[in-house]
Amino acid sequence: MRRVLLALVLLVFATGAAPRATLPDIEDEVMCVECNTALNVSTSTVADQERAFIRRQIALGKDKQQVKDALVGEYGPGVLADPPSSGFDLAAWLVPILLAVLGIGGVAFAARRWRRGAAPEPAAGEPLADEDARRLDAELAAFDRR
Amino acid sequence: MRFRASWAVILAAALLVGLLAYGVASKRADRSIDAAISKGRRVEAPVRQLPVLGGQGDSSLADYKGKVVVLNFWASWCKPCTEELPLLEKTQQSLAGKNATVLGANYQDLSDSALKFVRRFKLTYPSLRDRDGQFADKYGSRAFPETFVIDRRGKIAAQRRGPVDQAWLDRTLPPLLGEKA
């Protein structure tokens, strides 16, 4: 019984370690090197050549990462859809982060100003002049007598 | 406070536009070689150490200094490129004994596919593998095939963006073959 359980556990780990690669799963993560578009939307001859290469690699039993490594071996790192994280291309990673930080900062700043402006302190008002106070009292007394 | 905030927004927008403009400009093909050749000037041929197609180790255009080199950028997926391969092989045969060679630069291609064409046309001249296309970028190459003729001092003397023909080769090569290193 213990051996059967061990075999089952090993089977689960073995099948979970390297999921089988598929063409659609890889196609959207690599580029057509000639047309500079994602491979899954490219219809050129070189795109067909790349797809055929990926199918052959999958048929050899390679997992997704191994197929991508083989593609880089043939076409260089430019075949990967992720922009390189060096040189000017580093901006492709940094600019969205910078924009997100600026956006969050902007929203926080606007919210603070809105909260301050939304609930203004009631104005205390000027005290009444003596004559006005007397008139007001007289009017109120007349009102009470009615 | 409002004044300072609006300046910060304008500055951020200007930075973004500047970044975009620089990105677009840096991806544009370099046409400095074309400009120099059209003025009759020769420019230093860019070199890069690259793997040899179907061979061992790396090689570079610099290894051919002293020779006239017909540098041809090609790929197996590019029909006009493969159509001119027989003419380039014929040129290679005619250059024998003249201290000159054709040199292929196989651009972003599968080595197996490229080697099929090498075998089909019985190409005897070497090709280097420009896997990531950075060597072609140095020549401002965008549409293939493209051919550059390098003189014995390692300078670009002529270029053809598009397929070569016999007439162009006949016009371009003899004066360069007559030059000394």
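It should be emphasised that the depicted structure is a prediction, and the values quoted were computed from it without experimental measurement.

Analysis parameters
Residues numbered from 1 in each chain as written. Chains lettered and ligands numbered in written order. Predicted model: local features only at pLDDT ≥ 70, side-chain atom pairs only at ≥ 80, totals over all residues. Helix = DSSP H or I, 4+ residues; strand = E, 2+ residues; numbered from the N terminus. Rg over C-alpha atoms; globule rule 2.2 N^0.38 Å. Buried ≥ 20, exposed ≤ 12 C-beta atoms within 10 Å, placed from the backbone. Contact = placed C-beta atoms within 7 Å. Nonpolar A, V, L, I, M, F, W, Y, C, P; charged D, E, K, R; others polar. Pairing = 2+ DSSP bridges. Axes fitted to C-alpha atoms, helices over the stretch in contact; angles between N-to-C directions. Expected span 1.5 Å × (residues − 1). Domains from an automatic or database assignment. Parallel < 35°, antiparallel > 145°, perpendicular 65-115°, else oblique. Left-handed = near helix turned anticlockwise from the far one by under 90°. Core = buried A, V, L, I, M, F, W, Y, C linked by C-beta atoms within 7 Å.

1. Describing the overall build of chain B
Of the regular secondary structure elements, chain B holds seven helices and eight strands. Taken against the 2.2 N^0.38 rule, which gives 16 Å for 181 residues, the C-alpha radius of gyration of chain B at 20 Å runs more than 25% over that of a compact globule. Seen along its three principal axes, the alpha-carbon backbone of chain B occupies a region of about 80 × 40 × 30 Å.

2. Section: the overall build of chain A
Regarding its fold elements, chain A presents six helices and two strands. Starting at the N terminus and ending at the C terminus, chain A contains elements arranged as α-α-β-β-α-α-α-α. By residue count, 14% of the 146 residues in chain A fall in the buried class. Here the contacts in chain A between residues at least 6 apart in sequence split such that 43% fall between residues at least 24 apart.

3. Focus on the interface of chain A and chain B
Taken together, the contacts link 15 residues of chain A with 12 residues of chain B. Mapped onto the side of chain A that touches chain B, the elements with two or more residues apiece are α3 (45-59), α4 (64-75) and α5 (91-118) of chain A. If one sorts the elements of the side of chain A that touches chain B by residue count, α3 of chain A sits on top with four residues. A per-class count over the side of chain A that touches chain B returns nine nonpolar, four polar and two charged.

4. Observations concerning the sheet that holds strand β5 (residues 100-107) of chain B
Residue and element names in this part refer to chain B. The strand order β1-β8-β7-β4-β5-β6 describes an open sheet built from six strands, whose pairing is mixed. Of all the strands in the sheet, the pair left with one neighbour each is β1 (43-44) and β6 (127-130). Across the sheet, helix α4 (residues 85-94) lies against β4 (68-74) and β5, angled at about 150 degrees from β5, the strand it touches most.

5. Digging into α3 of chain A
Since one α-helical turn is 3.6 residues long, residues separated by three or four positions face the same way. Taking 1.5 Å per residue as the helical rise, α3 of chain A with its 15 residues ought to reach 21 Å, and the 21 Å between its terminal C-alpha atoms agrees with that figure. Positive phi shows up at Gly-61 of chain A, right after α3 of chain A, with a value of about 90 degrees.

6. Digging into the domain arrangement of chain B
It is common to give the size of an interface as the accessible area lost on bringing the parts into contact. Domains assigned within chain B are domain 1 (1-29) and domain 2 (31-177). Measuring from the centre of the C-alpha atoms in domain 1 of chain B to the corresponding centre in domain 2 of chain B gives 41 Å.

7. Quick look at the packing of α3 of chain A against α4 of chain A
Residues and elements named next belong to chain A. The interhelical angle for the contact between α3 and α4, taken along N-to-C directions, is 135 degrees, at an axis separation of 10 Å. Our classification of the angle between α3 and α4 gives oblique. As for how α3 packs across α4, the hand of that crossing is right-handed. Every residue of α4 that contacts α3 at Phe-53, Ile-54, Gln-57 and Ile-58 is listed here: Val-67, Ala-70 and Glu-74.

8. Considering the pairing of strand β7 (residues 146-150) of chain B
Residue and element names in this part refer to chain B. Burial analysis of β7 places five of its five residues in the buried class, the great majority of the element. Burial of the side chains of β7 extends over both faces: Glu-146, Phe-148 and Ile-150 are buried on one face and Thr-147 and Val-149 on the other. In this sheet, β7 lies alongside β4 in antiparallel orientation, the contact comprising five bridges. Counted as the bridge partner of Phe-73 is Glu-146 from β7. Where β7 meets strand β8 (residues 155-161), five bridges bridge the pair, whose relative direction is antiparallel. Its bridge partner lying in β8, Thr-147 is registered against Arg-160. Between β7 and β8, which pair antiparallel in sequence order, lie four residues; one of them, Gly-154, sits at a positive phi of approximately 85 degrees.

9. Concerning the nonpolar core
Residue and element names in this part refer to chain B. The biggest cluster of nonpolar side chains holds 51 residues, and the ones touching the most others in it are Val-69, Leu-71 and Ile-150. The dominant element in this core, judged by the number of residues it contributes, is β4, at six residues. What Leu-71 contacts, discounting residues up to four positions off in sequence, is Leu-61, Leu-103, Ala-105, Thr-147, Phe-148 and Ile-150.

10. Description of unusual backbone geometry
Following Phe-144 of chain B, the chain continues into Pro-145 of chain B via a peptide bond in cis, with omega recorded as 5 degrees. Following the sequence through the fold, Pro-145 of chain B ends up in the loop between α6 (134-138) and β7. For Asn-36 of chain A, which is not glycine, the phi torsion reads 55 degrees and is therefore positive. Tracing the backbone through its elements, the reader meets Asn-36 of chain A in the loop between β1 (31-32) and β2 (37-38).

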